[in-house]
Amino acid sequence: MGLRLRREEQLRIVGMHCATCELTVSNAIRGVRGVEDVRVNLASGEARVVVDDKRRIRDIVRAVRRAGYDVVTQRLTIRVDAREEEMGGLREMLEGLDGVIEAKTGGGLVVVEINPLETSPGAIIGELGRRGYRARIVDLRQPVRSDLEGLLPRLVVAAALTPLVVLAPVQALRVALSVPVQFYSGLAFYRGMVRAIRNGTANMDVLVSLSSTVAWLYGLLHPAFLPAASMLIAFVLLGKTLEAYLKGRVTEQVVSLQRVKARRPDGTEVDAFELRPGDVIVVRAGEVIPADGVVDDGEGYVDESVYTGESLPARKSRGDPVIGGSVLTSGYLKVYVTRAGERAYISQVLQAVREAEAVRLPIQGLADRIAEVFVPVVLVVAVSAFLVWRYVLGSTLDVAVMVAVSVLASACPCGFGLATPMAVVVGLRRLLSRGVVVRNGEALERLMEVDTFVFDKTGTVTKGRIRVARYEGEVELAAALERLSGHPIASAIAALGRGEHEVSDFVEFPGEGVYGKVDGRSVVVGRREFVLRNCDGDPRDADVLVCVDGRIAGYIWLEDEVREEAVEVVRWLKEKGYRVVIATGDSSRLADRVGEALGVEVYKGLSPEEKADLVRGLRAAFVGDGVNDAIALRAAVVGIALSGGSDMARLSGDVIVPSLKAIPALVAQAERTVRKIKENLAWAMAYNMVLIPIAAGVLHPLYLPPQYAALAMSMSSVGVVLWGLAQ
C-alpha cells in the first residue's frame, strides 16, 4: 500500500470580491475528497489547503474553476530529450513534484501546469536535469491574470466611453457608446452573478449586475438613465481596481526567493529555487542574497532587517553567515549555500506568515453571519422601496426605478468580508518588517486577553553567559560530567575542568541537573532541591551542588548579567499595567538577584512541567528560548519565542521575536490590529445602515442618484482597505 503524506499547499485565487466569494471558494475546495482543512483569505487572495496527498491539487484547482473562480498558475511547454516509451513515467514523475498541478506529454513535448507559490520553472528544469533528462523551456505562459490585471483594461474602456455617453447628443449614439461599457467593462460582474446563482449564493456581483442592467434597460426607453448605468459600472470598477492595487501592495511587501535570480561564479544565472546546499554563488551590491549560506570570500554590508528588524546593515566577511532574502547594500560576496529553496529562512518565514494570515478570528464570525443574509435583505429592501414609491406614495415610474436601482447600487457587502483579513494581513506584515514572525494569527487577538507576562530567566532576561563567581570543594568531576550537557550553566562549570576523565551512564534531567559515572564514581550535579533529593550533606547557600558517591562534595556560585533591553521592556510592561513574572528552573540565589534587579516576582526551582502549570493558571504570555521552555510556550495564552533560541522553542511559540525589544512593538501592533478590525466592522455596518435608507429615499425630496450610490459603495470597500493600511 502506498504511503499517503499530509501536504499543505498555498493557492492564489482570482475573482473573489466579498465574504460570500470567500465562503463559496472554501466550500468548493472542502468538497474535494482528501481535503482535511482549508482557509481562504479575502485580503491576500490566497487559500491554504491541507490534503492527504499532493496529487489532489489538480482536483482542487478544477473545483475552484468549476465554482466560477480561478487559480493563478503558470503553464510551461518543455522539450525533453526522451523516448516516447519514457513519457508516461516522466509525466507521473512530474506530477509527483511539489507545486505541479498537471503534466501532459506528447510529441517530445511536456506541458506542465505549476503553482508559482510552491515551485518555479527553473526548479522543474533543474529536477529534470538531475534525473538525467536534457530539457529546455520553449514556451512559458501565465494563463490566469491577477485581479488587478483583469480589472485595468475594463476600467480604461469604461473611463474612456462613459464621458462620451454622458455628452452624446442623440440617443442612438448614446446607446452605441454604452454597450461596450455595459457588456465588456461590466462582464466580470455578470460572470460573478451567474457564478453566485449557480452556487446558490448572492454577492456583490448580483447587486451591481442587477442595478446596472435595470438602469441600462430602462435607459433604452428613458435616455436619462443610460449615463447613470455607465457611470455606475465605471465607478464600481474604479473602486475595485483601487482595492485590488492596495491589496496587491500589501501582499508583495515581502521578498520572495521565487522571483530572485542567483549568479554562479562563471556568470550564469539560475532561479534561486534551483540552488542546492554546496553550491557557490556570487552576490553584488544591491542584489538580494538568494539563499542561506556562509561567506566564502569577499566583504560587504548586508541589510538583514527582514530577519532582525534592525535598519543598520551588518558587516559580513569570510566565515560569517548570511540569510536568504537579505540585501547586500555594498561590497561583493561569494557565498557557500547551506540552505536554499523552501528550506531557506525567508521561505519558511513566508510559509509561516501565510498560515497565520489564513486564520479566522472569532470576531470574524459576526461578519460572516451578516454577509450570509446581506444581499437577500438588500434585494427585499430594493423591491419594497420600488413598490412603496410607485404604489403607496404615487410617484412616477422614473422615481421608483431610480430609488430601487440606488438601493441595489449603494449596498456594500465587501466591507464585512475585508474588515478582519485586511487588518490581520497588514498587522502581520508590519510586524514582519520588524523581524517579528507571527506563526499563529490568533495570537494577535489572544494578546488582548493577557494580563501577565512570564519570562524565562537564563538566556531570555539574562545574557545567558553564565560565569562561575567562585567555587569550593570537588568540582573536577563535575566539570567532566557537564561537558556532555548543552545547558549554559553546564558550559560554565565544564570550563573549570583541567584533566581527562572517563564518563559513562550520562543522564540529563531537564531543568534539574545531570547524573553520571566519572572514573567509576557516581556524580550528581544540579540545582539544590534535585541534589538534596539524592544526596546527604550541607547545601550551604551555593547555587549549584556537586554530589560524589552520595555525599555533597562541592559548591558553585554563579553570576549572570541582566540584558539592558530586559530592564526597558519590563518597565514598559509594568507601565502598561501588566504583571511581570520570572519562572525559572534555577533554584539558586542568582534567580533572586535577577528578580531584584528587574523588580519582578520570581518563581524558581520549577521543572518544565511546573512552568507550564504556572502559566496555565494565569492569563499569561510566556517568553522563552530554551528546550525546557517548549511546554510552557504551548501552554500559555500566547507563546513568544526568541529567534536566537532552540529549534524546539521556536516551533512551540505562536510568535518569534528577534529580541526582547520587539515585545512592545508586538503588543502595540496587536492592539492596533484588533482595534482596526472593530473599526472596520463598525464602518461597514454604519455605512450600510446610513446609505441604504438614504438611497431608499428617506430624505425626500433629496435623492441619491444610482451612479453616486455606486461610487459611495465602491469607495466604502476602498476605505476599509485604506483604514486597514493605516496601522
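Attention in this report is confined to the structure presented alongside it.

About the thresholds
- Residues numbered from 1 in each chain as written.
- Predicted model: local features only at pLDDT ≥ 70, side-chain atom pairs only at ≥ 80, totals over all residues.
- Heavy atoms only, no water.
- Pairing = 2+ DSSP bridges.
- Helix = DSSP H or I, 4+ residues; strand = E, 2+ residues; numbered from the N terminus.
- Axes fitted to C-alpha atoms, helices over the stretch in contact; angles between N-to-C directions.
- Contact = heavy atoms within 4.5 Å.
- Buried < 20%, exposed > 50% of the residue type's maximum accessible area, 1.4 Å probe, protein only.
- Core = buried A, V, L, I, M, F, W, Y, C linked by side-chain atoms within 4.5 Å.
- Salt bridge = Lys/Arg side-chain N within 4 Å of Asp/Glu carboxyl O.
- Phe/Tyr/Trp six-rings, centres within 6.5 Å; stacked < 30°, edge-to-face > 60°.
- Disulfide = S-S within 2.5 Å.

With that settled, the discussion passes to the sheet that holds strand E7 (residues 109-114). The strand order E6-E7-E5-E8 describes an open sheet built from four strands, whose pairing is antiparallel. One side of each edge strand has no neighbouring strand; the edge strands of this open sheet are strand E6 (100-106) and strand E8 (135-141). Looking at each pair of strands side by side, their axes are set apart by 20° on average, direction ignored. When E6 meets E7, the two strands line up antiparallel, connected through six bridges. Each residue of the ladder has a partner; that of alanine 103, found in E7, is valine 112. Where helix H2 (residues 57-66) meets the sheet, it contacts E6 and E7, and its direction lies at approximately 100° from that of E6. Along the sheet, helix H3 (residues 87-95) contacts strand E5 (74-80), E6 and E7; its crossing angle with E6, the most-contacted strand, is approximately 170°.

With respect to the helices and strands, threonine 77 occurs in strand E5. Residue class for threonine 77 comes out buried when judged on its relative accessible area of 16%. Excluding residues within four positions of it along the chain, threonine 77 makes contact with Leu109, Val110, Val111, Arg136, Ile137, Val138 and Asp139.

This part takes up the nonpolar core. With 159 residues, the main nonpolar core has Phe453 and Phe455 as its most contacted residues. Examining the composition of this core, we find that 12 residues originate from one element, helix H25 (residues 662-695), more than from any other. Membership of the second largest hydrophobic core comes to 17 residues, among which are Val80, Leu94, Val100 and Ala103.

With that settled, consider the pattern of salt bridges. This model, assessed by the stated rule, comprises 42 salt bridges. With its nearest N and O atoms 2.8 Å apart, the salt bridge here joins arginine 619 to aspartate 451. Note that arginine 619 is positioned in the loop between helix H22 (608-616) and strand E26 (620-624) and aspartate 451 in the loop between helix H15 (442-446) and strand E17 (452-455), a separation of 168 residues in sequence. In this structure, arginine 527 and glutamate 529 form a salt bridge, with 3.4 Å as the shortest nitrogen-oxygen distance. Note on arginine 527: relative accessible area 7%, which makes it buried. Classification of glutamate 529 as partly exposed rests on a relative accessible area of 34%. Residues joined by salt bridges that share partners form a network here, namely Glu8, Asp37, Arg39 and Arg48.

Our focus in this paragraph is the packing of aromatic side chains. The geometry of an aromatic ring pair is captured by two quantities: the separation of the ring centres and the angle between the planes. Under the definition given, this model contains 10 aromatic pairs. Considering the side-chain rings of phenylalanine 183 and tryptophan 216, the 5.1 Å spacing of their centres and the 85° angle between planes classify their relative orientation as edge-to-face. Here the residue phenylalanine 183 occupies a position in helix H6 (residues 171-185), and tryptophan 216 occupies one in helix H8 (residues 204-221), the gap between them amounting to 33 residues. Relative accessible area serves as the criterion here: at 39%, phenylalanine 183 is assigned to the partly exposed category. Where phenylalanine 453 meets tyrosine 578, the ring centres are 5.1 Å apart and the plane angle is 90°; that geometry is what we call edge-to-face. With phenylalanine 453 in strand E17 and tyrosine 578 in the loop between helix H20 (564-575) and strand E24 (579-583), the pair connects residues that are 125 residues apart, well separated along the chain.

Moving on to the environment of glycine 96. Structurally, glycine 96 can be placed in the loop between H3 and E6. Considered as a pair, glycine 96 and leucine 210 are 114 residues apart in the sequence and their alpha carbons are 45 Å apart.

What the rule picks out here adds up to one disulfide. One disulfide bridge connects cysteine 535 with cysteine 547, the sulfur atoms lying 2.0 Å from each other. Looking along the S-S bond of the cysteine 535-cysteine 547 disulfide, the torsion reads about -100°, which is the left-handed sense. Of the two residues, cysteine 535 sits in the loop between helix H19 (528-532) and strand E22 (544-548) while cysteine 547 sits in strand E22, which places them 12 residues apart along the sequence. Accessibility classification places cysteine 535 together with cysteine 547 in one group, the buried group.

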